[in-house]
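Single-letter residue listing:
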Amino acid sequence: MTGIRILGTGAYAPKKLVSNDDLAQIVETSDEWIKQRTGMSVRHYVDGDENHTYLAEMAAKEAIENAGINKDEIGVVVVCTVSADYFSPSAACLIQGRLGLSNDIIAIDIGAGCSGFIFGMETIRALMMARNAKYGLLIGAEVLSKKMDMTDRSTCVLFGDGAAAVVVEPADSLYSSVIGVDGDEEMINIKSPDGYIHMDGQGTYKFAVATVPKVIEQAVKKANLTYDEIDYFVLHQANLRIIESIAKKVKQPMDKFVVNIEKYGNTSAASVGLALDEAVKGGKIKKGDKVLMCAFGAGRTWGAVVLEW
């Protein structure tokens, strides 16, 4: 086994919608200001009985159903998150219990922030190889509405809640990956379990537009492909202007970039998965397509994966 294949996707977004106009009632901002600078229109917040575990569970159930597999044959569960319901036990352990998965299983969390889904792809691939697992369940889930200072205009307009999941299997098919870290504690952070998100917006923007095109180039070359042979680019949905800038740098049309930031805002580790799920359900990504997923985030982390659908 050299790579992994995605068998099914799933997603869940909380029912409560928060518009730009809603946020303008809390901090000094406007719908026009947010749209122009980020591309965001609404985001979802948990409400009532919804919590992190519920979001992850709903996304996972849908992914398993869409994959058409026996859940008892899942050997690895990886949950990517910085906003789980508990510091311990892990969100992955809670998902094992909620879904009634096998006890003979590895269940771990990854706290790589917005790069989480890509780090998760590499981690679940390695764990499936080590365990000779038939299937793996990868979930990106965030409840960032609980991690925001709602008086801080620079962050409270950006983030939302949501979850996405994929079922994967080992495969001797097209697969390449690039992962990197340039350890940094100031650009984006949450300094304690009950702390708020801090982000250097300008620093993050500069980091993303400088780093992501290089990472995409490395992943495409490693796959022995050209940019033109990539059918879809699924990038972390942090800012529409970042995605547009990256598209220009790699000289690819925007219609090859999956964009849904206007519906969800930045959902950190759930972002790539939510965009991927929407593209699959919408009939964009089809069997045989070559897909590149890429993310960047806290700790100055980055990663990209190329695979064939």
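Scoring rules and cut-offs
Positions within a chain are numbered from 1, following the residues in the order the chain's sequence is written. Only residues with pLDDT of at least 70 are given local features in this predicted model, and only at 80 or more are side-chain atom pairs given and counted; all residues enter the totals for whole chains, interfaces and linings. Heavy atoms throughout the structure, all of them, feed into the side-chain values; hydrogens and water do not. The helix count covers DSSP runs of H or I at least four residues long, the strand count covers runs of E at least two residues long, and both are numbered beginning at the N terminus. Every radius of gyration here is taken over C-alpha atoms, with the globule rule written as 2.2 Å times N^0.38, N being the number of residues. Partly exposed residues are those whose accessible area sits between 20% and 50% of the maximum for their type, while under 20% is buried and over 50% is exposed, using a 1.4 Å probe and protein chains only. Contacts are assigned to residue pairs that have any heavy atoms within 4.5 Å of one another. Note that accessible areas follow from Shrake-Rupley with a 1.4 Å probe, and for residues the cover is restricted to the protein chains shown. In this tally, Asp and Glu contribute negative charge and Lys and Arg positive charge; neither His nor the terminal groups of the chain are included. We put the charge of a Lys on NZ, of an Arg on CZ, of an Asp on CG and of a Glu on CD.

Undergrad: I'm lost on the overall build of the protein chain in this one. Help?
TA: A tally of regular secondary structure across the protein chain gives 10 helices and 13 strands. In terms of overall dimensions, the protein chain is globule-like: its C-alpha atoms have a radius of gyration of 18 Å, near the 19 Å expected for 309 residues. Based on the C-alpha atoms only, the size of the protein chain along its principal axes is roughly 55 × 45 × 35 Å. For the protein chain, the proportion of its 309 residues judged to be buried stands at 57%. For the protein chain, contacts bridging at least 24 residues in sequence account for 77% of all contacts bridging at least 6. Entry remark: accessible area of the protein chain is about 12800 Å², with carbon and sulfur atoms responsible for 48%. Positive and negative charge centroids in the protein chain, built from 32 and 40 side chains respectively, lie 4 Å apart.

Undergrad: Just checking my understanding: could you explain unusual backbone geometry for this structure?
TA: For residues other than glycine, phi is negative in most cases, and the peptide bonds are mostly trans. Geometrically, the link from S88 to P89 is a cis peptide bond, its omega value of 5° lying close to zero. Mapped onto the secondary structure, P89 falls in the loop between β4 (74-80) and α4 (91-99). Backbone geometry places K251, a non-glycine residue, at a positive phi of 55°. With respect to the helices and strands, K251 occurs in the loop between α8 (240-249) and α9 (261-264). Residue K251 is classed as exposed on the basis of its relative accessible area of 73%. A positive phi is found at R300, a non-glycine position, where the angle reads about 50°. In this structure, R300 sits in the loop between β12 (290-297) and β13 (301-308). By relative accessible area, R300 is classed as partly exposed at 25%.

Interpretation note: all reported values are geometric properties and have no functional meaning in isolation.
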